[in-house]
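Architecture at a glance
Each chain, written out:
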Amino acid sequence: VFVGKDDGLYKYNILNNSSVKLYDGTFTKIMFSETTNKIYALSTKTLYELTNSFQPVFTLANEKREDLCFDFEIIDSLTMFIATTNGLYEINDGEQDYYSKKSSLPSASLYSLYYNKYEDALFVGSGDKGLLKLQFKNCYSFSTNEGFGQTCSLSSLIKTKDGKVLIAESSGTLFQMG
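First, a word on what this report is: a plain description of the structure on this page. Note that this is a predicted model, so its numbers are computed, not measured.

Let us look at the overall build of the chain. Assigned secondary structure in the chain consists of zero helices and 18 strands. By the burial criterion, 40% of the 178 residues in the chain qualify as buried. A sequence separation of at least 24 residues applies to 30% of the contacts in the chain between residues at least 6 apart. Carbon and sulfur atoms make up 49% of the accessible area of the chain, which totals about 10,000 Å².

Below, the structure is given as structure tokens:
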């Protein structure tokens, strides 16, 4: 069992109640991907593949900014997105693209991701522009008409076991999509 804590990523052995610290740092998400059949862990700066190699898949370049990674979403066996405090990264077959306000995103403060395969759309919770929908390189922004404030901060997008998508606003309001 992998567990992310404020001081690092641990691998726990349930059988003998022991643990090994794998990495230092704060980890924000651990996820098993049915698409790739691998386990991934996201720290504030790096996405790791944990299944076999424990190798970094993505590391946030930190030239002049103090960007932080908050969420990631795996689309297919070659494509994944990573939400950061300064934009969105797409990794496609090892190649990396970066999207920000300069790339026409309404917000660069991105905190949560959810991919809807039926619409082939990536929903992005932003820190200041509500819910964004990225579809075929087009961006749609949901705000006042859909119940979100113009400058609301969405902190989490979650898909439940029964298929419902929940959106949490940082003020504590919970919305259900659809």
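The next point concerns the sheet that holds strand 4 (residues 27-33). The strands making up a sheet are joined through hydrogen bonds of the backbone, oriented either antiparallel or parallel. A sheet is described by the order of its strands in space; here four strands give the open sequence 4-5-6-7, paired in antiparallel fashion. Strands at the two margins of the open sheet, each flanked by one partner only, are strand 4 and strand 7 (55-59). With direction set aside, neighbouring strand axes in the sheet form an average angle of 20 degrees. Judged from the four bridges that link them, strand 6 (residues 46-49) and strand 7 form a sheet pairing that is antiparallel. Residue pairing for strand 7: L47 is matched across the bridge by F58.

Bringing the nonpolar core into the picture now. L88, L110, L113, L122 and V124 are the most contacted members of the largest nonpolar core, which totals 13 residues. Contributions of two or more residues to this core are made by strand 9 (79-84), strand 12 (110-116), strand 13 (121-126) and strand 14 (131-135). For this core, the element with the highest residue contribution is strand 12, accounting for three residues. In this view, L122 contacts E73, I75, F81, L88, L113, Y114, Y115, L132, K133 and L134; residues no more than four positions away in its chain are not counted. Residues L47, F72, I74 and M80 belong to the second largest nonpolar core, which totals 12 residues.

Attention now moves to the environment of D7. Its place among the elements puts D7 in the loop between strand 1 (2-5) and strand 2 (8-13). With relative accessibility at 36%, the residue D7 sits in the partly exposed group. Separated by 20 residues in the primary sequence, D7 and F27 have C-alpha atoms spaced 8.2 Å apart. When neighbours within four sequence positions are excluded, D7 is seen to be in contact with K21, Y23, D24 and G25. At 2.8 Å, the side chain of D7 and the side chain of Y10 are in polar contact.

As a further point, take the pattern of salt bridges. If you walk through the whole model with that rule in mind, you get three salt bridges. Measuring nitrogen to oxygen at the nearest pair gives 2.6 Å for the salt bridge that ties E119 to K133. Taken as a pair, E119 in the loop between strand 12 and strand 13 and K133 in strand 14 lie far apart in primary sequence, 14 residues in all. Among the residues examined, E119 registers a relative accessible area of 33% and is labelled partly exposed. Accessibility expressed as a relative area gives 13% for K133, which makes it buried.

Enumeration over the complete set of coordinates arrives at nine aromatic pairs. Where F27 meets Y48, the ring centres are 5.9 Å apart and the plane angle is 35 degrees; that geometry is what we call tilted. Note that F27 is positioned in strand 4 and Y48 in strand 6, a separation of 21 residues in sequence. Comparing F27 with Y48, the two get one shared label, buried. Here the aromatic cluster, defined as three or more aromatic residues joined through ring pairs, consists of Y23, F27 and Y48. Directly above the ring of Y10 sits K5, whose terminal nitrogen or CZ lies 4.8 Å from the centroid. Residue placement shows K29 over the ring face of F72; its charged tip is 5.0 Å from the ring centre.

Checked against the element boundaries, G130 lands in the loop between strand 13 and strand 14. Taking the relative accessible area as the measure of exposure, G130 reaches 0% and is therefore buried. Along the sequence, G130 and L110 sit 20 residues apart, while their C-alpha atoms lie 9.8 Å from each other.

Basis of the calculations
Residues numbered from 1 in each chain as written. Predicted model: local features only at pLDDT ≥ 70, side-chain atom pairs only at ≥ 80, totals over all residues. Heavy atoms only, no water. Helix = DSSP H or I, 4+ residues; strand = E, 2+ residues; numbered from the N terminus. Buried < 20%, exposed > 50% of the residue type's maximum accessible area, 1.4 Å probe, protein only. Contact = heavy atoms within 4.5 Å. Areas by Shrake-Rupley, 256 points an atom, 1.4 Å probe, with all protein chains shown as cover. Pairing = 2+ DSSP bridges. Axes fitted to C-alpha atoms, helices over the stretch in contact; angles between N-to-C directions. Core = buried A, V, L, I, M, F, W, Y, C linked by side-chain atoms within 4.5 Å. Polar contact = N/O pair within 3.5 Å; in protein donor to acceptor, adjacent residues only side chain to side chain. Salt bridge = Lys/Arg side-chain N within 4 Å of Asp/Glu carboxyl O. Phe/Tyr/Trp six-rings, centres within 6.5 Å; stacked < 30°, edge-to-face > 60°. Lys NZ or Arg CZ within 6 Å of the ring centre and 35° of its normal.

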